[in-house]
Amino acid sequence: HVGITAMAKQFIAGRDVDEVVPVATKLWQRGFATTVDRLGEKTLTREQAQAYVRGVAGMLSALASEAPAWPSRPLLETDPWGVLPRVNLSIKPTAVSPHLTATAMTLGVQEGADALDPVMELASALHATVHLDTEYDEAKDATFALLRELGRRWPAVSLGCVVQAYRRDAEDDLRELIRWSAATLEVPLHVRLVKGAYWDHEMVVARANGWPAPVWDRKHDSDVAFEHCASVLLGHAGEVRPAIASHNLRSIAYAVCAARAAGLADHALEVQLLYGMAAPLHEAVREIGVRPRVYTPMGELVIGMAYLVRRLLENTANDSFVRQRFVEGKEIGELLDAGTDERGGTSDDGSEVPGATREGAVVAAFRNEPLAELRREPVRARLARAVEAVGTGLGVTLPVVIDGERVTTSMTLPSVDPARPDVVVAHSSVATTDLVNSAVDVALRAQPEWAARTMAERAAVMEAAADLYRAHKAELAALVAIEVGKPIAEADADVAEAVDFLRYYALCARGMEAAYPLVQVAGEHNTIRFRARGVGTVIAPWNFPLAIPTGMTAGALVAGNAVVFKPAEQSPAIGARMVSLLHEAGVPAGVLAYLPGIGEEIGPALVEHPSVSFVAFTGSRAVGLDINERAARLAAGQRTVKRVITEMGGKNALIVDSDADLDVAVPAVLRSAFGYAGQKCSAASRLIVVGDRADELLTKLAGAMDLLILGAPTDPATDVGPLIEPAAVARFEHYLDIGRRDGRVVFQVSHVPEPGWFVGPALVELPSAASALATDEVFAPLLAAFRVGDLDEAIAMANEVDYGLTAGIISRSPSHIAHAVARLEAGNVYVNRAITGAMVGRHPFGGMKLSGTGAKAGGADYLAQFVHPTVVCENTVRQGFTPDLA
Ligand code: NAD
């Protein structure tokens, strides 16, 4: 603690204006200009954003009231293009508007510019420069958009922004900013060129999602780009006001020389340095006569922690100039050499190389399908085009498909867009028991030929299907968004997961060809192989309308089985598309039938058919248990004990420990409870808060809920879409009433769009678990919160339900985390993150207790459900001779 406090004192100039204004005054007297930055915690609520802006305005006024008394310092207050304000602020844009992201940019820019209007007015009246800092990638384009909006509204105010040279697109952005400044502003834009402080964050996000990194892999490349951008910047001095921010002597020296070589006066160039970093450099910059400006943070220690961590990373990185020169005392000549590159080798993803096991080979070969990079405009545009294209082809009638034959039934069932209930997505045929029988008969005839192929041959078909899915990715995502109201980013993730299942199970199947080694002794030869089970049925839910049925179907097919597939009533169009793509990829027509219909009607016939040897089901607990019971009864003519795989519901708990970082907890809770409007089996529906910070957490959570964007699932800005159907809305209302009766509604989102089956996400606090809301799966954006005294009480409460699907804990204490992880009764436990979003291969998924039979979808042992392992033991002894001993 003492160390941290000392570090804070070194890098943070003061806690408030009373402490910081004298620091700024003293720096000015010593010949340093400042830009004062009010450190902000993660802004999750409107109140926090308002408080940040108030703080900035207060800081501006306080500095402006002192600054006139500062002595004259021509270098600090003039440059070739005019007078420079003495007061200079740096603002963290995401603290001003939490919606300042690529996908919610329009709203974020509007909110941010409105919120900053009073600050800009003050800056105009009191003569100050307002600088927008650049943070991480997700906010970068929105930050520049906010800058342009501020410039449009306040063209005479001195504005500034930051370009990060570690970004691959830095030069493009820089040139665009120069063009914009020259064309729009009355005073040139200050451009601060930095390398960038979020390298680790950018790499982690890019690698986790399978995206190209927006930053250079190697430090050396950033240094080169920095020098290049510095030349561009200096070449346009006057259209913009150039500032170089670095602690690398070579970078600074390069800029100074380039400026002089370009014939610029010394006061045309500003060099910015961080408060408390590399003190000798500060003096040196001042001595050579260019303008030094000190980036001067103000704020509390805890709030400044993220800033301190960035400084720590910068000071301790092996390739940091500051560390090499000032800590390790490296020779200056060596450091000025442009050729150093110590980071290197980071372009592979650094994951462990697994052992030579069968499972290990799958892990080594498998990569998750990248999610759509919605933070890029062209990606959003591509999805928008797909949404439009899919929208023009709605309303078709979907036949039953058996042996490739299309049978349209006399009765049909509409599936509608939950966000626009008057739009019929498709009219699906309604299969009858007769069609069930003929589908099973066809499958029985076709299956042996399919089973006779090798695992590798069938795996190749699944891989071809994966390629087809990928080719149709945007279209499939659009269809998911439209048919089941899933926000487009999550709809895209649904498609990516389907691709993952196809490729992952193909890899697993290739590995199963050789089965596993057996103990061999002299005189016998033992082998094990896997034989397909035969004909099975796949019964799927609507909430992951492509991923889940694709996973169950691909698992069964690749192992050599035939499948009669029944989609959920709500998502027949996606189911039909899945079947047509699998057929197109080479799955024989006879081994995959498409049987849309009403679960209660054909479900039992499918499950009880004597020739159906397995059922793969994902859906509600009531239906799953009913299937389990029916499948257990022996039907006349039946010759196998049916294998039943049931993945059922959850009542998942997320524990927030007494020491949890609420900036981690709140986004995790928000995502877990309200992602896809709570319609995920993995969704958090119980929040268990340990200790006495419940009020603080619930208040922040309510504030963050208020910022959720409810709207059309096809709009990338949307956080929460509609519920699937009117019955789901009624169920939500019913349980909300129970919440009102048994507890209190802490907050409910009131901005609910119309029409469509939207509800306002709600947070209810219950005094105890003695409420149906504490035990029943609601499948809607309804979160029940509980307060408990200690962690054991929290774990006991988390486990006190019939379900055991997902669970999570947010805590800073390693011992608490270990304690909880060992005790939480759930198939998937998450630590310090959201409890939804399982990834194939990374987080094999499936529950325990009454949540499921425990087969892990997307895990190494999943295919074992679909095969009979058979063993052959051959006696190799002939007339007393065995080759084994020869
Ligand atoms: P659901 O049980 O209502 O329907 C699932 C499927 O079962 C549908 O295809 C339906 O037509 C069919 N069905 C209905 N009655 C049947 C019967 N008597 N016999 C055979 N089939 C029948 O579930 P849903 O509303 O589609 O999905 C939501 C539920 O699924 C939630 O409980 C959720 O938790 C669960 N779920 C679980 C997982 C998991 O991996 N554990 C994943 C997704 C969804």
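Scroll up for the structure.
In what follows, the accompanying structure is described. What you see is a predicted model; the values in this text were computed from it and never measured.

1. Here's the deal with the sheet that holds strand β4 (residues 87–91)
One closed barrel holds the eight strands; their spatial order is β1-β4-β5-β6-β7-β8-β9-β10, and the pairing between them is parallel. Averaged over all adjacent pairs, the angle separating strand axes in this sheet is 30 degrees, with direction ignored. Sheet topology places strand β8 (residues 240–245) next to strand β9 (residues 270–274); three bridges connect them, and they run parallel. Within β9, the position partnered with Ala 243 by the bridge is Glu 270. Sitting on the sheet, helix α3 (residues 46–66) touches β1 (33–38), β4, β5 (128–132) and β10 (291–298), and the angle it makes with β4 is about 165 degrees.

2. Overview of the site of the ligand
Near the ligand lie 29 residues; those nearest to it are Ala 540, Glu 569, Ser 620, Met 648 and Glu 777. Within the side chain of Ser 620, one N or O atom sits 2.6 Å away from an oxygen atom of the ligand. Between a nitrogen atom of the ligand and a main-chain N or O atom of Met 648, the distance comes to 2.7 Å. In isolation the ligand exposes 840 Å². Once the protein is present, 90% of that is buried. If you list the elements that add at least two residues to the shell around the ligand, you get α24 (599–608), β20 (612–618) and α25 (621–632). Per-element accounting of the shell around the ligand gives the leading share, four residues, to α24. A per-class count over the shell around the ligand returns 16 nonpolar, seven polar and six charged.

3. Describing the pattern of salt bridges
Scanning the entire structure with this criterion turns up 55 salt bridges. With a shortest N-O distance of 2.8 Å, Arg 420 and Asp 417 are connected by a salt bridge. Arg 420 gets classed as partly exposed once you look at its relative accessible area, which sits at 37%. In this structure, Asp 663 engages Lys 700 in a salt bridge whose closest nitrogen and oxygen atoms are separated by 3.6 Å. Taken as a pair, Asp 663 in helix α26 (residues 662–674) and Lys 700 in helix α27 (residues 694–706) lie far apart in primary sequence, 37 residues in all.

4. Focus: the sheet that holds strand β14 (residues 412–417)
Reading across the sheet, the three strands line up as β11-β15-β14 and stay open at both edges, with mixed pairing between neighbours. Strands with a single pairing partner mark the edges of an open sheet, and in this sheet they are β11 (396–398) and β14. Mean inter-strand twist for the sheet, computed between neighbouring axes without regard to direction, equals 35 degrees. As paired strands, β14 and strand β15 (residues 420–429) are joined by six bridges and run antiparallel to one another.

5. Quick notes on the side chain of Ser 811
Looking at the secondary structure, you find Ser 811 in the loop between β28 (806–810) and α31 (814–823). Owing to a relative accessible area of 3%, Ser 811 belongs among the buried residues under this scheme. In terms of polar contacts, Ser 811 uses its side chain to reach the side chain of Asp 659, at 3.4 Å. Excluding anything up to four places from it in sequence, Ser 811 contacts Asp 657, Asp 659, Ala 660, His 816, Ile 817 and Asn 832.

6. Things to note about the packing of aromatic side chains
Summed over the entire model, instances satisfying the criterion amount to twelve aromatic pairs. Considering the side-chain rings of Tyr 136 and Tyr 198, the 5.9 Å spacing of their centres and the 80 degrees angle between planes classify their relative orientation as edge-to-face. You can see Tyr 136 sitting in the loop between β5 and α7 (137–153) and its partner Tyr 198 sitting in the loop between β7 (189–194) and α9 (199–209), a full 62 residues away along the chain. When the centroid spacing of 5.8 Å and the interplanar angle of 80 degrees are considered together, the rings of Trp 542 and Phe 779 count as edge-to-face. Of the two residues, Trp 542 sits in the loop between β17 (535–539) and α22 (547–558) while Phe 779 sits in the loop between α29 (772–775) and β26 (782–788), which places them 237 residues apart along the sequence. Judged by relative accessible area, which is 12%, Trp 542 ranks as buried.

The rules behind these values
Residues numbered from 1 in each chain as written. Predicted model: local features only at pLDDT ≥ 70, side-chain atom pairs only at ≥ 80, totals over all residues. Heavy atoms only, no water. Pairing = 2+ DSSP bridges. Helix = DSSP H or I, 4+ residues; strand = E, 2+ residues; numbered from the N terminus. Axes fitted to C-alpha atoms, helices over the stretch in contact; angles between N-to-C directions. Contact = heavy atoms within 4.5 Å. Near = heavy atom within 4 Å. Polar contact = N/O pair within 3.5 Å; in protein donor to acceptor, adjacent residues only side chain to side chain. Areas by Shrake-Rupley, 256 points an atom, 1.4 Å probe, with all protein chains shown as cover. Nonpolar A, V, L, I, M, F, W, Y, C, P; charged D, E, K, R; others polar. Salt bridge = Lys/Arg side-chain N within 4 Å of Asp/Glu carboxyl O. Buried < 20%, exposed > 50% of the residue type's maximum accessible area, 1.4 Å probe, protein only. Phe/Tyr/Trp six-rings, centres within 6.5 Å; stacked < 30°, edge-to-face > 60°.

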